[in-house]
Every structure is written in structure tokens, then in C-alpha cells.
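Descriptive analysis of the structure
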Amino acid sequence: MENRSLVTIAEHSREKILYLLEMAKQFEQQPNRNLLNGKVVATLFFEPSTRTRLSFETAANRLGARVIGFSDPKATSSSKGETLKDTIMMVSNYADIIVMRHHLEGAARYASEVTNVPIVNAGDGTNQHPSQTMLDLYSIYKTQGTLEDLNICLVGDLKYGRTVHSLLMAMRHFNPTFYFIAPEELKMPEEYKLYCKEHGIKYIEQTDFSEEVINKADILYMTRVQRERFTDMMEYERVKNVYILKAKMLENTRENLRILHPLPRVNEIAYDVDETPQAYYFQQAHNGLFAREAILCDVLGITLEDIIKDNERQ
Ligand code: CP
């Protein structure tokens, strides 16, 4: 049987991304449907989460599925030494989809190789966060009217931030120009810069986060410095507040500029930015519901055509 797991966004073609965005649009028009009636969605969160877990669970509930899972691995038998393989094999006995967040890079790939139940990667260490990317793309498409030819500034922790790694891979289909803005300690890793070179993605790398670069952007994608990934807390203290976006820095931006952030934020976006027309991060998180409804349906083989037929039944 074909395994329809979503492990990395790099596996999705341009056509598949646009197709999933169209599905998300359908779900935004009508989020409540019975397309997953009788299905069970397992959410296995070995790392903390607010948005990803709750929006996947909301998506499952709105589609008529039932949800099992955990948000604290200490309350599971993994705390007694059960391996990830055994946990996945057990949960595969109960669920039709497994949505998993794990601290190890490659954990989602590994899980997808030990079960035929589709795995949805809800974040694996510093590696990938493909469902976040689908909601980021949906947010970019909604606010810009296109995914093509955009100037995208990625700001902050480009080393450990998995959302920026997934986003740049997905954008390879749409001719972006990226500005990688990070301190030396948190620069975009070489493997992703190599990926850009291999796929003809234009990027400019700099440490300076100024109005000059903000004013060139269509999308300003702020990120949190990922405290939980640091082994040296002194280094975290040195870089944690390196960039703070303030409303006064947004006076001469392009009219279409929108500020995204995967959230949670810590200090990198001042609260006065929330009131500006450029702030879009809370709507972005809302878009996660629709993008994740699309992902849950897609991994179970429910098509856009099925959704359009369902519109006629509504
Ligand atoms: N964006 C994101 O992954 O948020 P959570 O960690 O709250 O799920």
C-alpha cells in the first residue's frame, strides 16, 4: 500500500502545493464536514506545542474524526524505555493517521518507515515543519495574491528554526529572493544554502536588521531564538534579543508587506507591532486550521474533487 505520509515539504511538487492550497481554501469556506467520519487521528507530541497540536486536533474534530494521543511523553511508556519504533507500531493498531512532533531530526522519516499508517511530521528537531509551511504558504498566497517572485526576509534563529528550513524548500518552485538575517551564531546552515544553490534560489545573507532591508520585503518572517536547542546557555543569553521588530521600523514599508511568525514569540516582535496593518501572525495561526484539514484529508487519499462534491451536499 502507498504510504502517503507528510515527512518533508521537499517531496511536494509545485502542483501538489497549489492543490493543497486550493483544498485549504475550500476548508476556509466550510471548515465543518464529515469527511473523516469513523477515522481516528493520533497526536503524539514528544515536545511542547500549542498551535500545531491544537489546530490538528481541531481540524480532526471539525472533519468528524476522533482524536487520541498525548502532549506529555512523561505520561507514556516511552518514559519506561519503550522505543519510538514500538510506540509507533502500537499506535498504528489504533489510529488511521499519526501526527507526531519529536525532538530528533529524522524521527518522522523513521516513523514512516516502520508503519503503513500515514505519519504527519509536526516538527522533528531542527529539521522540518511541513504543516507549518503549508499554512505559511497559504498565508503568503492570501496576503500577496501570489507565491511568485517575492522578497522574503527570514529573521532571527535560522540555525535551529525548522520552519524557515521547510519554507525555503517549498519556495523553490516560486522564484523567491530570500534575505537571511541572523547573527553569526544563528546563521542559515550550510546544507540549506547548498540547497538554495542547487535549486537556483536567490539569497542574500546579512547580520544587519534595518529599515533598509525591511522596506524591500514583501514578507517579513520573524522567528524566535530557540532556547531549547542551545547547549550553551551563555550563548543563548548573548543572542536572545538580537533583533526586536518595533512599530516605528514599519513606517516606509511596501504596502503589501505582511509580517509572519510561526509563534510563539518571546521578545522579537514588540507588542506595538500587533496594531499595525502589516501584522499578520495571528491570522497566520488561524490559517493553520484550514491547511491542516487539507493535510489530514490528503494523507488519507481524500481528494479536492471529494471536497467539491461535499460542497454540493452541504
Ligand atoms: N508554530 C508552532 O509550531 O507552534 P507550536 O510550537 O505552538 O505548535
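What you see is a predicted model; the values in this text were computed from it and never measured.

**Describing the layout of surface pockets**
Where empty space is left becomes clear once a probe the size of a water molecule has been rolled over the atoms. Each pocket or cavity is described by its volume, and for the largest pocket that value is around 440 Å³. Lining of the largest pocket is provided by 21 residues; of these, Pro48, Arg101, Arg162, Arg224 and Pro264 occupy positions nearest its centre. At the level of elements, helix 2 (51-62) and helix 6 (162-170) are the ones that each hand at least two residues to the lining of the largest pocket. Lining the lining of the largest pocket are residues from two domains, each supplying at least three of them: domain 1 (9-129 + 288-313) and domain 2 (130-285). Taken together, twelve residues make up the lining of the second largest pocket; nearest its centre are Asn3, Arg4, Ser5, His12 and Lys16.

**Brief notes about the domain arrangement of the chain**
By the assigned domains, the chain splits into domain 1 (9-129 + 288-313) and domain 2 (130-285). Computed from C-alpha coordinates alone, the two centres of domain 1 and domain 2 are separated by 25 Å. Counting residues at the interface gives 33 residues for domain 1 and 31 residues for domain 2. Both sides of the domain 1 and domain 2 interface together cover about 2,600 Å² of buried area, and 59% of this is carbon and sulfur. If you look at where domain 1 meets domain 2, you find four salt bridges. Of the charged contacts, one joins Lys142 and Glu28 as a salt bridge, the two residues approaching to 2.9 Å between their closest N and O atoms. Scanning the region where domain 1 abuts domain 2 turns up 20 residue pairs in polar contact (both at pLDDT 80 or more). If you list the elements that add at least two residues to the side of domain 1 that touches domain 2, you get helix 1 (14-29), helix 2, strand 3 (97-102), strand 4 (119-124) and helix 10 (281-299).

**Examining the site of the ligand**
Every residue near the ligand is listed here: Ser49, Thr50, Arg51, Thr52, Arg101, His129, Gln132, Pro262 and Leu263. Within the side chain of Ser49, one N or O atom sits 2.6 Å away from an oxygen atom of the ligand. Burial of the ligand by the surrounding chains reaches 91%, relative to a free accessible area of 260 Å². Taking a 2 Å distance to the grid points as the criterion, the majority of the atoms of the ligand fall inside the largest pocket. Residue classes in the shell around the ligand are distributed as two nonpolar, five polar and two charged. Summarising the domain contributions, the shell around the ligand has at least three residues from each of domain 1 (9-129 + 288-313) and domain 2 (130-285).

**Regarding the pattern of salt bridges**
Under the criterion given, the structure shown has 19 salt bridges. Between Lys187 and Glu184 there is a salt bridge, and its shortest N-O distance comes to 3.7 Å. On the accessibility criterion, Lys187 (29% relative accessible area) is partly exposed. Between Glu205 and Lys193 there is a salt bridge whose closest N-O contact spans 2.9 Å. Placement of the pair is Glu205 in strand 7 (residues 202-206) and Lys193 in helix 7 (residues 190-198), with a sequence separation of twelve residues.

**A few points about helix 5 (residues 130-144)**
What sets the pattern is the α-helix's 3.6 residues per turn: residues three or four places apart point alike. Given a rise of 1.5 Å per residue, 15 residues ought to cover 21 Å, and the 21 Å separating the end C-alpha atoms of helix 5 matches this to within 8%. Counted residue by residue, helix 5 has 13 buried out of 15 residues, so it is predominantly covered. Note on helix 5: the residue one or two positions beyond its end, Gly145, has a positive phi of about 75°.

**Topic: the side chain of Thr223**
Locating Thr223 in the fold gives a position in the loop between strand 8 (219-222) and helix 9 (233-239). At 2.8 Å, the side chain of Thr223 forms a polar contact with the backbone oxygen of Val155. In this structure Thr223 touches Val155, Gly156, Asp157, Val164, His261 and Glu268, once residues within four positions along its chain are discounted.

**Remarks on the nonpolar core**
Within the largest apolar cluster, 61 residues are counted, with the highest numbers of intra-cluster contacts made by Val99, Met134, Leu137, Leu154, Leu168 and Leu296. When residues of this core are assigned to their parent elements, the largest contribution, eight residues, is made by helix 10. Mapping this core onto the domain boundaries places at least three of its residues in each of domain 1 (9-129 + 288-313) and domain 2 (130-285). What Leu137 contacts, discounting residues up to four positions off in sequence, is Ile17, Leu21, Leu147, Leu167, Ala170 and Met171. Val213, Met249, Leu263 and Tyr281 belong to the second largest nonpolar core, which has 21 residues in total.

Conventions we followed
Residues numbered from 1 in each chain as written. Predicted model: local features only at pLDDT ≥ 70, side-chain atom pairs only at ≥ 80, totals over all residues. Heavy atoms only, no water. 1 Å grid on protein atoms, 1.4 Å probe; cavity = no way out; pocket = protein on both sides within 12 Å on 5 of 7 lines; lining within 4 Å. Points joined across faces, edges and corners; volume = space filled by probe spheres on them. Helix = DSSP H or I, 4+ residues; strand = E, 2+ residues; numbered from the N terminus. Domains from an automatic or database assignment. Contact = heavy atoms within 4.5 Å. Buried area = accessible area lost by both parts, 1.4 Å probe. Salt bridge = Lys/Arg side-chain N within 4 Å of Asp/Glu carboxyl O. Polar contact = N/O pair within 3.5 Å; in protein donor to acceptor, adjacent residues only side chain to side chain. Near = heavy atom within 4 Å. Areas by Shrake-Rupley, 256 points an atom, 1.4 Å probe, with all protein chains shown as cover. Sits in = over half its atoms within 2 Å of the grid points. Nonpolar A, V, L, I, M, F, W, Y, C, P; charged D, E, K, R; others polar. Buried < 20%, exposed > 50% of the residue type's maximum accessible area, 1.4 Å probe, protein only. Expected span 1.5 Å × (residues − 1). Core = buried A, V, L, I, M, F, W, Y, C linked by side-chain atoms within 4.5 Å.

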